[in-house]
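Fold and contact review
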Amino acid sequence: MRGAIAPWLCAFGLASCTTSTAVLTWHDAWRAEQTGDLERAERAYAAAFELDPGLVGAECNRIRLVAAHPDRAAQAQASLDKLVKAKASAPEVASTAALAALADGKPDLARKRLDAARKVTDKDRPDVVAARRTAEVRVAVALERHAEALAAAEGLDLADLATTDRETLAVAAWNAQDSVRAAQFAPPGSESALWAAFARADLAEVVRRSARLDKDRATAATLAIAAWAHGQTGAGQAARAWLAEGVARDPHDATVTQVVAALALLDGQPAAARDTLTAATARAPTAPWTAWFNLGIAQLRLGDAPAAHASFARAATACPACAQAVRNRDALAALVGAGP
């Protein structure tokens, strides 16, 4: 277990009317943690679990606090291994152990740990149910089982989810080709929120979302999409600024090169667009159909109908259902004496 796993571990409260010493000690630990007295909280969690070994949530919380210290990673790992060996069927333990395995890059182990636990029921505390569902979501996404992740998210309250969990769900929805749910899950200033708006062709929303984007952490492709949306909505200067940042981040990114060419076309520079896309498609002959389509537009504007026809044909081959590519290919076929 590495020190970086701490943010992945679950926090468990205790909703109970019992007044046992162990439960009261757990309550003291929780209050101490909320006030920032983490040393006292750790001691009290340990005491609660020692008084009542059935309070596995208290021990999970103690392990979470220990794991927050990189220099105590081995101690946290040893405690977690011992807890899993003794209480693998407890949902709290399984959720904590699964997320720790994920943080160590072991999604298959995470799945096994969840499968080893009993299923949660309506009798379980809400925090236990939420932790289990959150773990299910993260594990499913890590295993690229996106529909499974979305199913596990049913019933989760988005308002109670951490930003990372909402981002995880947004990615799952995006990969499941559900842009509507991706938009619902995505945190306001996240890349996934911007891409979800772009998928709906809502360029004004892309522009609004980009205002809250953390540019320093955004990918080159996201910066390029923001540039395209600004350009299409008439903010040329802003578009060029966004694009410059995307180019600086990764000049050879496929989305960046397409936006460079697309904005060149908007600016009446078909030669620049042609040169950019010719280089891009040479580097990646399996480039998206839009790259070939825009190359055809640039070539057509430069009066090179045969080259344009060939580019539209490549675009139509890459995307037979894309009507614009097929229509342009067929329209030029007679002109250049070629078949579709």
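Please refer to the structure higher up on the page.
First, a word on what this report is: a plain description of the structure on this page. (Residues numbered from 1 in each chain as written. Predicted model: local features only at pLDDT ≥ 70, side-chain atom pairs only at ≥ 80, totals over all residues. Heavy atoms only, no water.)

Scanning the protein chain for helices and strands turns up 19 helices and 0 strands. Compactness check: the protein chain gives a C-alpha radius of gyration of 27 Å against a globular reference of 20 Å for 340 residues, more than 25% above the reference. Once the C-alpha set of the protein chain is aligned to its principal axes, its extents read approximately 90 × 40 × 35 Å. Within the protein chain, buried positions represent 48% of all 340 residues. A fraction of 51% describes how many contacts in the protein chain between residues 6 or more apart in sequence connect residues 24 or more apart. Accessible area for the protein chain stands at about 16,400 Å²; split by element, carbon and sulfur atoms hold 54% of it. Computing the positive centroid from 38 side-chain charges and the negative centroid from 38, the protein chain places the two 2 Å apart. (Helix = DSSP H or I, 4+ residues; strand = E, 2+ residues; numbered from the N terminus. Rg over C-alpha atoms; globule rule 2.2 N^0.38 Å. Buried < 20%, exposed > 50% of the residue type's maximum accessible area, 1.4 Å probe, protein only. Contact = heavy atoms within 4.5 Å. Areas by Shrake-Rupley, 256 points an atom, 1.4 Å probe, with all protein chains shown as cover. Lys, Arg positive; Asp, Glu negative; His and termini not counted. Charge placed at Lys NZ, Arg CZ, Asp CG, Glu CD.)

One number sums up the size of the second largest pocket: a volume of about 320 Å³. Surrounding the second largest pocket, 13 residues form its lining, Phe198, Trp228, Gln258, Thr290 and Asn294 being those nearest its centre. Within the residue set of the lining of the second largest pocket, elements represented by two or more residues are helix H11 (191-199), helix H13 (220-232), helix H15 (254-266) and helix H17 (289-301). (1 Å grid on protein atoms, 1.4 Å probe; cavity = no way out; pocket = protein on both sides within 12 Å on 5 of 7 lines; lining within 4 Å. Points joined across faces, edges and corners; volume = space filled by probe spheres on them.)

A positive phi is found at Glu144, a non-glycine position, where the angle reads about 60 degrees. Residue position: Glu144 is located in the loop between helix H7 (126-142) and helix H8 (146-152).

On to the pattern of salt bridges. All chains considered together, the criterion is met by 18 salt bridges. Between Asp124 and Arg118 there is a salt bridge whose closest N-O contact spans 2.7 Å. Asp124 sits in the buried class, given a relative accessible area of 15%. Judged by its relative accessible area of 39%, Arg118 falls in the partly exposed class. Note that Lys215 and Glu245 form a salt bridge whose closest N and O atoms lie 3.3 Å from each other. (Salt bridge = Lys/Arg side-chain N within 4 Å of Asp/Glu carboxyl O.)

Attention now moves to the packing of H15 against helix H16 (residues 270-283). It is at 7 Å that the axes of H15 and H16 come closest, and there the two elements cross at 160 degrees. Taken together, the axis directions place H15 and H16 in an arrangement best described as roughly antiparallel. Considering the relative orientation of H15 and H16, their crossing is left-handed. Listed contacts from H16 to Thr257, Gln258, Val260, Ala261, Ala264 and Leu265 of H15 are Pro270, Ala272, Ala273, Thr276, Leu277, Ala280 and Arg283. Grouping the constituent residues of the contact of H15 with H16 by class yields 9 nonpolar, 3 polar and 1 charged. (Axes fitted to C-alpha atoms, helices over the stretch in contact; angles between N-to-C directions. Parallel < 35°, antiparallel > 145°, perpendicular 65-115°, else oblique. Left-handed = near helix turned anticlockwise from the far one by under 90°. Nonpolar A, V, L, I, M, F, W, Y, C, P; charged D, E, K, R; others polar.)

Right, let's talk about the packing of aromatic side chains for a bit. Per the counting criterion, the structure on display carries 4 aromatic pairs. Look at Trp174 and Trp195: their rings are 6.0 Å apart centre to centre, the planes differ by 70 degrees, and that puts the pair in the edge-to-face class. With Trp174 in helix H9 (residues 163-175) and Trp195 in helix H11, the pair connects residues that are 21 residues apart, well separated along the chain. With a centroid separation of 5.7 Å and an interplanar angle of 65 degrees, the aromatic rings of Trp289 and Phe293 are classed as edge-to-face. Placement of both Trp289 and Phe293 in helix H17 is noted, with a separation of 4 residues, approximately one turn of the helix. Through pairs of rings, three or more aromatic residues link up here, namely Trp174, Trp195 and Phe198. Positioned above the aromatic ring of Trp242 is the side chain of Lys215, whose terminal nitrogen or guanidinium carbon lies 4.1 Å from the ring centre. One cation-aromatic arrangement involves Arg314 over Trp292; the distance from NZ or CZ to the ring centre is 4.2 Å. (Phe/Tyr/Trp six-rings, centres within 6.5 Å; stacked < 30°, edge-to-face > 60°. Lys NZ or Arg CZ within 6 Å of the ring centre and 35° of its normal.)

The next point concerns the environment of Leu277. With respect to the helices and strands, Leu277 occurs in helix H16. Residues Leu277 and Asp160, spaced 117 residues apart in sequence, show a C-alpha to C-alpha distance of 45 Å. Not counting residues up to four positions away in its chain, the partners in contact with Leu277 are Thr257, Gln258, Ala261, Ala291, Asn294 and Leu295.

Next up on the list: the side chain of Thr281. Considering the arrangement of structural elements, one finds Thr281 in helix H16. One polar contact links the side chain of Thr281 to the main-chain carbonyl oxygen of Thr278, over a distance of 3.2 Å. With residues near it in sequence (within four places) discarded, Thr281 still touches Ala287, Ala291, Trp292 and Leu295. (Polar contact = N/O pair within 3.5 Å; in protein donor to acceptor, adjacent residues only side chain to side chain.)

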